[in-house]
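Coordinate inspection notes
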Amino acid sequence: TLRWRVPLDPGHATPILVNGKIFLTAYRAESKELATMALDEKTGKELWRQPVVVERVEQTHPIGSPATATPACDGQRLFVFFGSYGLMCYDLNGKRLWEDRMGPFQDEYGAGSSPILIDDKVVLNQDHDRDSFLAAFNCATGKEVWKTARPDAVRSYSTPAVWTHSGHTELLVTGALELASYDPASGEKLW
């Protein structure tokens, strides 16, 4: 049974559900507006919307979107990434806590990787035509904890995965012709 339906601006991010709120991102091409939104799970009512307007929107595939990355949430903070703007952190009521401006990147199809959470860090993989990297930021402050260059990773759109093997936790990142493992504490490439 359909409970509710609401019109939304387009975006490719997967909505996430946290404490009765649905968080998602969207893009309005005519105004170059990238937005983070919260909807009420029971009614679909928009609880808040936080837009950012960019001078230059990243190039994407014709069926792609500048609002592609799925948000991440630790239960207190929401982490959102737009390849045309950067990484942002909100509280669950829509107050922006911090941001790290980056992008747009040089890539024919735009940024496709989503942020993930591990320990007290938000981790972001960005593999483009040049200057590819894997980076971790402190969840509370947004301060960069580590950043590892990925010079052989070109146009990869992989979101890192957390893997525990033989009692050790690793970040696995697929890339252009390579699967690599990184230490989540330091960003050191393990293999």
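A brief look at the structure comes next.

How each quantity is defined
Residues numbered from 1 in each chain as written. Predicted model: local features only at pLDDT ≥ 70, side-chain atom pairs only at ≥ 80, totals over all residues. Heavy atoms only, no water. Pairing = 2+ DSSP bridges. Helix = DSSP H or I, 4+ residues; strand = E, 2+ residues; numbered from the N terminus. Axes fitted to C-alpha atoms, helices over the stretch in contact; angles between N-to-C directions. Patch = residues over 30% accessible without salt bridge, like charges linked within 9 Å, V, L, I, M, F, W, Y side chains within 5 Å. Areas by Shrake-Rupley, 256 points an atom, 1.4 Å probe, with all protein chains shown as cover. Salt bridge = Lys/Arg side-chain N within 4 Å of Asp/Glu carboxyl O. Buried < 20%, exposed > 50% of the residue type's maximum accessible area, 1.4 Å probe, protein only. Core = buried A, V, L, I, M, F, W, Y, C linked by side-chain atoms within 4.5 Å. Contact = heavy atoms within 4.5 Å. Phe/Tyr/Trp six-rings, centres within 6.5 Å; stacked < 30°, edge-to-face > 60°. Lys NZ or Arg CZ within 6 Å of the ring centre and 35° of its normal.

Another aspect to go through is the sheet that holds strand E14 (residues 168-175). Within the open sheet, the 3 strands sit side by side as E13-E14-E15. Their pairing is antiparallel. Either end of the sheet is taken by a strand with one partner, and the two such strands are strand E13 (161-165) and strand E15 (178-182). Here the average twist between neighbouring strands, direction ignored, is 35°. Relative to E14, E13 runs antiparallel, the two sharing 5 bridges. Within E14, the residue paired with His165 across the bridge is His168.

So, on to a nonpolar patch on the surface. Nonpolar side chains collect at one region of the surface, where Trp163, Leu179, Leu190 and Trp191 lie side by side and expose about 380 Å² of accessible area between them. Topologically, Trp191 is positioned in the segment after E15. Take Trp191: its relative accessible area is 43%, and that puts it in the partly exposed class.

Further remarks concern the pattern of salt bridges. Tallied over the entire structure, the rule returns 11 salt bridges. Its salt-bridge partner being Asp119, residue Lys121 comes within 3.9 Å of it at the nearest N-O pair. For Lys121, a relative accessible area of 7% puts it in the buried group. Here Asp119 falls in the exposed class, since its relative accessible area comes to 66%.

Turning our eyes to something else, we now look at the nonpolar core. A general trend in soluble globular proteins is that nonpolar side chains are found buried together. Ranked by size, the top nonpolar core spans 18 residues in total, and within it Phe23, Leu34, Leu78, Phe82 and Tyr85 carry the most contacts. At the level of secondary structure, the elements contributing two or more residues to this core comprise strand E1 (16-18), strand E2 (21-28), strand E3 (33-40), strand E4 (46-53), strand E6 (77-82) and strand E7 (86-91). Residue contributions to this core peak at 3 residues, all from E6. Setting aside residues up to four positions removed in sequence, Leu34 forms contacts with Ala26, Tyr27, Gln50, Pro51, Val52, Val54, Pro66, Ala67, Phe82, Ser84 and Tyr85. Among the nonpolar cores identified, the runner-up in size contains 16 residues, and Ala69, Phe79, Phe81 and Cys89 belong to it.

Scanning all chains against the criterion turns up 3 aromatic pairs. Between Phe23 and Trp48 the ring centres are 6.0 Å apart and the planes differ by 45°, which places this aromatic pair in the tilted class. With Phe23 in strand E2 and Trp48 in strand E4, the pair connects residues that are 25 residues apart, well separated along the chain. Between Phe79 and Trp98, the aromatic rings sit 6.1 Å apart at their centres with planes inclined by 45°, giving tilted as the arrangement. Of this pair, Phe79 sits in strand E6 while Trp98 sits in strand E8 (residues 96-101), and the two are 19 residues apart along the sequence. On the accessibility criterion, Phe79 (0% relative accessible area) is buried. Assessed through its relative accessible area of 8%, Trp98 is described here as buried. Among the aromatic side chains, those forming a connected cluster through ring pairs are Phe23, Trp48 and Tyr90. The aromatic ring of Tyr85 is capped on one face by Arg101, whose charged end is 3.8 Å from the ring centroid. The side chain of Lys147 reaches across the aromatic face of Phe133, ending 4.3 Å from its centre.

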